Amino acid sequence: MNMILRYLAAILLAVLPAVCTEAQDMSALEGLYAGFSSDCVVLECSYKIDAEGVAVGGECQVELQGDRYRMKGNGLEVICDSESVWVMDEAVKEVVIEPVGDDVSSYMANPAILFRDLEKVYDVVSVSSVNAGTKYRLQARVDCGIDKAELVISGSSQIRSAVFTFDDGSVMTVNVSSMKTLPRKAPEWFRPGKFDSDWVITDLR
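Residues numbered from 1 in each chain as written. Predicted model: local features only at pLDDT ≥ 70, side-chain atom pairs only at ≥ 80, totals over all residues. Heavy atoms only, no water.

Considering the overall build of the protein chain
Link 1 in the chain: The helix and strand inventory of the protein chain stands at four helices and 13 strands.
Link 2 in the chain: Taking all 205 residues of the protein chain together, 46% fall into the buried category.
Link 3 in the chain: A separation of at least 24 residues holds for 50% of the contacts in the protein chain among residues at least 6 apart in sequence.
Link 4 in the chain: As displayed, the protein chain offers around 9700 Å² of accessible surface, 48% of which is attributable to carbon and sulfur atoms. (Helix = DSSP H or I, 4+ residues; strand = E, 2+ residues; numbered from the N terminus. Buried < 20%, exposed > 50% of the residue type's maximum accessible area, 1.4 Å probe, protein only. Contact = heavy atoms within 4.5 Å. Areas by Shrake-Rupley, 256 points an atom, 1.4 Å probe, with all protein chains shown as cover.)

Written out as structure tokens, the structure reads:
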């Protein structure tokens, strides 16, 4: 489950600031980008991933600010300060700490670098109108683990839903029930506090 949450973070960080390659109606997407580039954005999401006939899902809250994020869902919390990622399980008092790498092949393992390299990763290849707003179809330019995506964004530049297809054929569906912007937070917000002696800490940095 911790990897599913990290995949979801990778997806959101990667596709939100994707690049358009054609003269298309980009107003909703550009409005979304403007909010993500200047504010702290909070999303309430439900998600489901279908892989090899097995479906796993849940709900989570995601706070995104630049290449930093905090996620909570299904008993886990994932925090990234753009240099390290902490995956914490409060129930069993365990935390795994990993570095944010810089290898293209590690995009899925280290989702924060997708945001840093967004212009290298995705193109918007088509735009169409749907009842809920505007649908954008994205295609990866490089091997990043997520081959393509479809986003539906409302006229007020809020994400409504998204479907992501992984290289192995797995599909993740995300529905966003709430999206709001907050003033930017201090970098310290995207680091966990100190862990007491009850925690088992695995530091892979």
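Read on for the rest.
Side note on the pattern of salt bridges
Link 1 in the chain: Summed over the entire model, instances satisfying the criterion amount to seven salt bridges.
Link 2 in the chain: Its salt-bridge partner being Arg191, residue Asp81 comes within 3.3 Å of it at the nearest N-O pair. Here the residue Asp81 occupies a position in the loop between β5 (76–80) and β6 (84–89), and Arg191 occupies one in the loop between β12 (171–182) and β13 (200–203), the gap between them amounting to 110 residues.
Link 3 in the chain: Of the residues examined, Arg191 reaches a relative accessible area of 36% and is grouped as partly exposed.
Link 4 in the chain: Residue Asp203 is joined to Arg205 by a salt bridge in which the shortest nitrogen-to-oxygen separation is 2.8 Å. (Salt bridge = Lys/Arg side-chain N within 4 Å of Asp/Glu carboxyl O.)

What to know about the nonpolar core
Link 1 in the chain: In terms of nonpolar packing, the biggest core is built from 34 residues, with Leu43, Tyr69, Val85, Tyr122, Phe164, Val174 and Val176 touching the most fellow members.
Link 2 in the chain: With five residues, strand β2 (residues 40–51) is the largest single contributor of residues to this core.
Link 3 in the chain: Counting six residues, the second largest nonpolar core, distinct from the first, contains Ile79, Trp86, Ile97 and Trp199. (Core = buried A, V, L, I, M, F, W, Y, C linked by side-chain atoms within 4.5 Å.)

Quick notes on the environment of Cys40
Link 1 in the chain: Residue position: Cys40 is located in strand β2.
Link 2 in the chain: Expressed as a C-alpha distance, the spacing of Cys40 and Pro183, which sit 143 residues apart in the sequence, is 5.9 Å.

Digging into the pairing of strand β4 (residues 68–73)
Within a regular strand, side chains alternate between the sheet's two faces.
Link 1 in the chain: As paired strands, strand β3 (residues 54–65) and β4 are joined by five bridges and run antiparallel to one another. Note on β4: the bridge partner recorded for Gln61 is Lys72.
Link 2 in the chain: Once β3 ends, the chain turns through two residues before running back antiparallel as β4, passing Gly66 with a positive phi of about 60°.
Link 3 in the chain: For β4 and β5, the ladder comprises five bridges, and the chain directions are antiparallel. Opposite Lys72, over in β5, you have Glu77 as the bridge partner.
Link 4 in the chain: The hairpin formed by β4 and β5 contains two residues between the paired strands, and Asn74 there has a positive phi angle of roughly 50°. (Pairing = 2+ DSSP bridges.)

Considerations on unusual backbone geometry
Link 1 in the chain: Even without a glycine there, the phi angle at Asn74 is positive, about 50°.
Link 2 in the chain: Checked against the element boundaries, Asn74 lands in the loop between β4 and β5.
Link 3 in the chain: One non-glycine residue, Ser82, lies in positive phi territory at about 85°.
Link 4 in the chain: Inspection of the secondary structure assignment puts Ser82 in the loop between β5 and β6.
Link 5 in the chain: For Ser82, a relative accessible area of 21% corresponds to the partly exposed category.

Here we look at the confidence of the model for the protein chain
The predicted coordinates ought not to be read in detail in places where the model reports low pLDDT.
Link 1 in the chain: Per-residue pLDDT for the protein chain has a mean of 77; in total, 71% of the residues score no lower than 70.
Link 2 in the chain: β13 holds the highest mean pLDDT among the elements of the protein chain, 96, whereas strand β1 (residues 19–20) holds the lowest, 42.
Link 3 in the chain: This stretch, residues 17–24, has a pLDDT under 50; its non-local contacts, to residues over four places away or in other chains, come to 21 contacts. (pLDDT = per-residue confidence, 0-100.)

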